[in-house]
Amino acid sequence: SRPVINRSDLPQQDRFCISLPCRATGVPAPTTSWTRNGQLVIMDNQDYRLAGNSLRICNGRPLLAGVYECAATNSAGRDSRSYQIAFNPVTTPPPAEPTEASPEPDSKDRTIALLRSQLNLA
C-alpha cells in the first residue's frame, strides 16, 4: 500500500531543539528522507539528528530557516509533509540606566539572549 504520513503528529520544541515528526505507514515499509529548500538534509553534523521518525533541528540559527519536507517512499508510491521553519533571535531590552538605588550590574549578571524558534506548519 502507498505510504501515508501521519499528519496528527505535531512538532515538539524544547529549549534548544525542534522535532519535526514523520511517522509513515505502508507496505512495504516506506523509507523516509528529509530536504530543506529542496536540498537533501545531511545528518552528520551538529544541527540535524534523527530521533526515531523525527528530524531534530538543534542550535537553531537563522541560516537553518526554510521549508523542511519529509518524503516517505516505497514501491507503491510517495507521500510528503512540509514544515515552514523560522529561527528568530530574541532581543533583550537595554539595561536600565543605573541610579543611586540600583548600582550598575556586573557583566556576569547580564544574560545572553538565546534563539527562540517559531514553527509554522505548511
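1. Concerning the overall build of the chain
- If you tally the helices and strands in the chain, you get 0 helices and 11 strands.
- Across the chain, helices and strands are ordered from the amino to the carboxyl terminus as β-β-β-β-β-β-β-β-β-β-β.
- When the 122 residues of the chain are sorted by exposure, 29% land in the buried category.
- Once local pairs closer than 6 in sequence are excluded, the contacts in the chain between residues at least 24 apart make up 60%.
- Of the accessible surface of the chain, which amounts to about 8000 Å², a share of 53% is contributed by carbon and sulfur atoms.

2. As for the pairing of strand 3 (residues 17-21)
- With respect to burial, strand 3 is a largely interior element, 5 of its 5 residues being buried.
- Neither face of strand 3 is open: one carries Cys17, Ser19 and Pro21, the other Ile18 and Leu20, and all of them are buried.
- For strand 2 (residues 12-13) and strand 3, the ladder comprises 2 bridges, and the chain directions are antiparallel. Directly across from glutamine 13, in strand 3, lies its bridge partner isoleucine 18.
- Where strand 3 lies against strand 8 (residues 54-58), 5 bridges are found, and the strand directions are antiparallel. Each residue of the ladder has a partner; that of isoleucine 18, found in strand 8, is isoleucine 57.

Basis of the calculations
- Residues numbered from 1 in each chain as written.
- Predicted model: local features only at pLDDT ≥ 70, side-chain atom pairs only at ≥ 80, totals over all residues.
- Heavy atoms only, no water.
- Helix = DSSP H or I, 4+ residues; strand = E, 2+ residues; numbered from the N terminus.
- Buried < 20%, exposed > 50% of the residue type's maximum accessible area, 1.4 Å probe, protein only.
- Contact = heavy atoms within 4.5 Å.
- Areas by Shrake-Rupley, 256 points an atom, 1.4 Å probe, with all protein chains shown as cover.
- Pairing = 2+ DSSP bridges.

Shape is all these values report; function is a separate question.
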